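Descriptive analysis of the structure
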Amino acid sequence: MGLTSKLGNMGIVTTRLEDTVNWGRTNAMWPMLFGLACCAIEMMSTQAANYDLSRFGMELMRPSPRQSDLMIVAGRVTRKMAPVLRQLYDQMPEPKWVISMGDCASCGGVFNNYAIVQGVDEIVPVDVYVAGCPPRPEQLIHGIVTLHERIKQERIVDWA
Amino acid sequence: MNLIRGFATTIKHVLEGPVTIQYPEQERPVRERFKGRHALKRYDNGLEKCIGCSLCAAACPADAIWVEAAENTDEERFSPGERYAKTYEINMLRCIFCGYCEDACPTEAIVLEHEYRLSFNDRRDAIYTKDRLIDPPPHGVPATPQVTEPGQFDRSIPDMENPK
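Just so it is clear, the model here is predicted, and its values are computed rather than measured.

1. Observations regarding the overall build of chain B
A count of helical and extended segments in chain B gives four helices and six strands. Along the chain direction, N to C, the helices and strands of chain B fall in the order α-β-α-β-β-α-β-β-β-α. Expressed along its principal axes, the backbone C-alpha trace of chain B runs to roughly 85 × 40 × 30 Å. A burial count over chain B gives 39% of its 164 residues as buried. Contacts spanning at least 24 positions in sequence make up 76% of the contacts within chain B whose residues lie at least 6 apart. In chain B, the 21 positive side-chain charges and the 27 negative ones have mean positions that sit 9 Å from each other.

Below you can see the structure in the form of structure tokens.
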């Protein structure tokens, strides 16, 4: 949280509107459950007690796109799944972000064939790519922290 | 009696401490054989172990490695033997960290280390070039290219150990 200054002993903290909004966005970002393959197991494990995504304000994995802010695409996206993924992304309210978790979602991984989309960024704009096959829970959390750092850089003039 | 036994389990777990690992602040150490990001190794005299043979690229099931070799000379020597890797690129988003490159390498030049923090804002950042992969030379040793005596590093694998 970007605290700009503190006024004497009055107990008042001033900050910028951008910082407050970005702080709010980073600390209540509900991810959408989009487990497609083995990466989903690691995503579940990140959500579970040992790594506990609730520490980052991600209390629940929302299965409904209307209540989610972040889409974690975990696993390989087939060409048949691609229109579904795009539709769910379109149904998410703004602002929305996408994390491409794992090799297959990021660029196809080992599945360089006609059935798999070679990178989910062909369909939706991806903010953070997480490498690994599948990534450890720490790697996914590192990706989420990378996304938080990116959101904290956002400015009001860019929102319009 | 069954009721007491059932609640005993519940109460036992209530009294246990939390198991959560506070990841960005606190890290769980990885196993010794964990395969994370690659590193290209050097010999003690600072020469690179990689001889640009592309066996790692051939072994890679995901085609994540790209190697381009060039000739060594005694005036500009990067590695022992005839050739060195002029370009060595690994796409971390393709790599599945299986370690086949490590097994295929005849000089044990490429090793999968324990670094796992690999997140990228742009997929172009995920292509690790040779200068990002290679270890720094040991302390007090010049980096490559080096000027060497003719005939000193003719063999690509300088000291082959006998099988044990």
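2. Observations concerning the interface of chain B and chain A
Between chain B and chain A, the contact holds 25 residues from the first and 32 residues from the second. Together, the buried faces of chain B and chain A total about 2500 Å²; carbon and sulfur atoms form 54% of this surface. Applying the counting criterion to the chain B and chain A interface returns one salt bridge. Two residues, Asp121 of chain A and Arg123 of chain B, come together in a salt bridge whose shortest N-O distance is 2.8 Å. The tally of links from chain B across to chain A stands at 15 residue pairs in polar contact (both at pLDDT 80 or more). Looking at the side of chain B that touches chain A residue by residue, the classes come out as 16 nonpolar, four polar and five charged. In terms of strand pairing, strand E6 (residues 128-130) of chain A meets strand E5 (residues 119-120) of chain B through two bridges, oriented antiparallel. Paired with Val130 of chain A across the two strands is Ser119 of chain B, which belongs to E5 of chain B.

3. Brief notes about the confidence of the model for chain A
With 92% of its residues at a pLDDT of 70 or more, chain A shows a mean pLDDT of 87. Highest mean pLDDT in chain A belongs to E6 of chain A (94); lowest belongs to strand E1 (residues 3-7) of chain A (60).

4. Focus: the sheet that holds strand E2 (residues 65-71) of chain B
Residues and elements named next belong to chain B. In space, the three strands of this open sheet follow the order E2-E3-E6, with antiparallel pairing throughout. If you trace the sheet from one side to the other, it starts and ends with E2 and strand E6 (127-128), each paired once. In this sheet, strand E3 (residues 83-91) lies alongside E2 in antiparallel orientation, the contact comprising seven bridges. The residue of E3 that forms the bridge with Ile65 is Ile90.

5. What about empty space enclosed by the protein?
Residue and element names in this part refer to chain B. Within this structure, the stated rule accounts for three cavities of 30 Å³ or more. What the largest cavity holds in volume is close to 90 Å³. The wall of the largest cavity is formed by 14 residues, among which Cys50, Cys53, Cys56, Tyr88 and Cys105 lie closest to the centre. Partitioning the lining of the largest cavity into residue classes produces 11 nonpolar, three polar and no charged. Reported here for the second largest cavity is a volume of approximately 60 Å³. His38, Cys60, Cys95, Cys98 and Cys101 are the residues nearest the centre of the second largest cavity, which is lined by 13 residues in total. Grouping the amino acids of the lining of the second largest cavity by side-chain chemistry returns 11 nonpolar, two polar and no charged.

6. Points about the pairing of strand E5 (residues 97-101) of chain A
Residue and element names in this part refer to chain A. Most of E5 is tucked away: five of the five residues are buried. Taken together, the five bridges between strand E4 (residues 70-74) and E5 define a ladder with parallel strand orientation. In the sheet register, Ala74 faces E5, and the bridge partner there is Met101. Following the backbone out of E4, through helix H3 (residues 82-91) and into the adjacent parallel E5, one traces a crossover that is right-handed. Looking at chain direction, E5 and E6 are connected through three bridges and run parallel. Residue pairing across strands places Ser100 opposite Tyr129, the latter belonging to E6.

7. Brief notes about the environment of Asn50 of chain A
Along the chain, the position of Asn50 of chain A falls in the loop between helix H2 (39-47) and E4. Taking the relative accessible area as the measure of exposure, Asn50 of chain A reaches 31% and is therefore partly exposed. Each C-alpha atom of the pair Asn50 of chain A and Pro137 of chain A lies 9.3 Å from the other, and the pair is 87 residues apart in sequence. When near neighbours in sequence (up to four residues on either side) are disregarded, Asn50 of chain A contacts Val19, Thr20, Ile21 and Arg28 of chain B.

8. So, the pattern of salt bridges
Across all of its chains, the model carries 15 salt bridges over all chains by this definition. Its salt-bridge partner being Arg150 of chain A, residue Asp127 of chain A comes within 3.5 Å of it at the nearest N-O pair. With Asp127 of chain A in the loop between helix H4 (102-107) and E6 and Arg150 of chain A in helix H5 (residues 137-152), this pair connects stretches of sequence that are 23 residues apart. For Asp127 of chain A, a relative accessible area of 13% translates into the label buried. For Lys41 of chain B, the salt bridge goes to Glu113 of chain B, with nearest N and O atoms at 2.7 Å.

9. Some details on the packing of H2 of chain A against H5 of chain A
Residue and element names in this part refer to chain A. Packing of H2 against H5 leaves a shortest axis separation of 9 Å and a crossing angle of 75 degrees. By the criterion of interaxial angle, the relationship of H2 to H5 is roughly perpendicular. In this structure, H2 uses Glu42, Met43, Ser45 and Thr46 to contact H5, whose residues at the interface are Pro137, Leu140 and Ile141. Each residue belonging to the contact of H2 with H5 can be placed in one class, and the counts come to four nonpolar, two polar and one charged.

What counts as what
- Residues numbered from 1 in each chain as written.
- Chains lettered and ligands numbered in written order.
- Predicted model: local features only at pLDDT ≥ 70, side-chain atom pairs only at ≥ 80, totals over all residues.
- Heavy atoms only, no water.
- Helix = DSSP H or I, 4+ residues; strand = E, 2+ residues; numbered from the N terminus.
- Buried < 20%, exposed > 50% of the residue type's maximum accessible area, 1.4 Å probe, protein only.
- Contact = heavy atoms within 4.5 Å.
- Lys, Arg positive; Asp, Glu negative; His and termini not counted.
- Charge placed at Lys NZ, Arg CZ, Asp CG, Glu CD.
- Buried area = accessible area lost by both parts, 1.4 Å probe.
- Salt bridge = Lys/Arg side-chain N within 4 Å of Asp/Glu carboxyl O.
- Polar contact = N/O pair within 3.5 Å; in protein donor to acceptor, adjacent residues only side chain to side chain.
- Nonpolar A, V, L, I, M, F, W, Y, C, P; charged D, E, K, R; others polar.
- Pairing = 2+ DSSP bridges.
- pLDDT = per-residue confidence, 0-100.
- 1 Å grid on protein atoms, 1.4 Å probe; cavity = no way out; pocket = protein on both sides within 12 Å on 5 of 7 lines; lining within 4 Å.
- Points joined across faces, edges and corners; volume = space filled by probe spheres on them.
- Right-handed = clockwise from strand over helix to strand, strands pointing away.
- Axes fitted to C-alpha atoms, helices over the stretch in contact; angles between N-to-C directions.
- Parallel < 35°, antiparallel > 145°, perpendicular 65-115°, else oblique.

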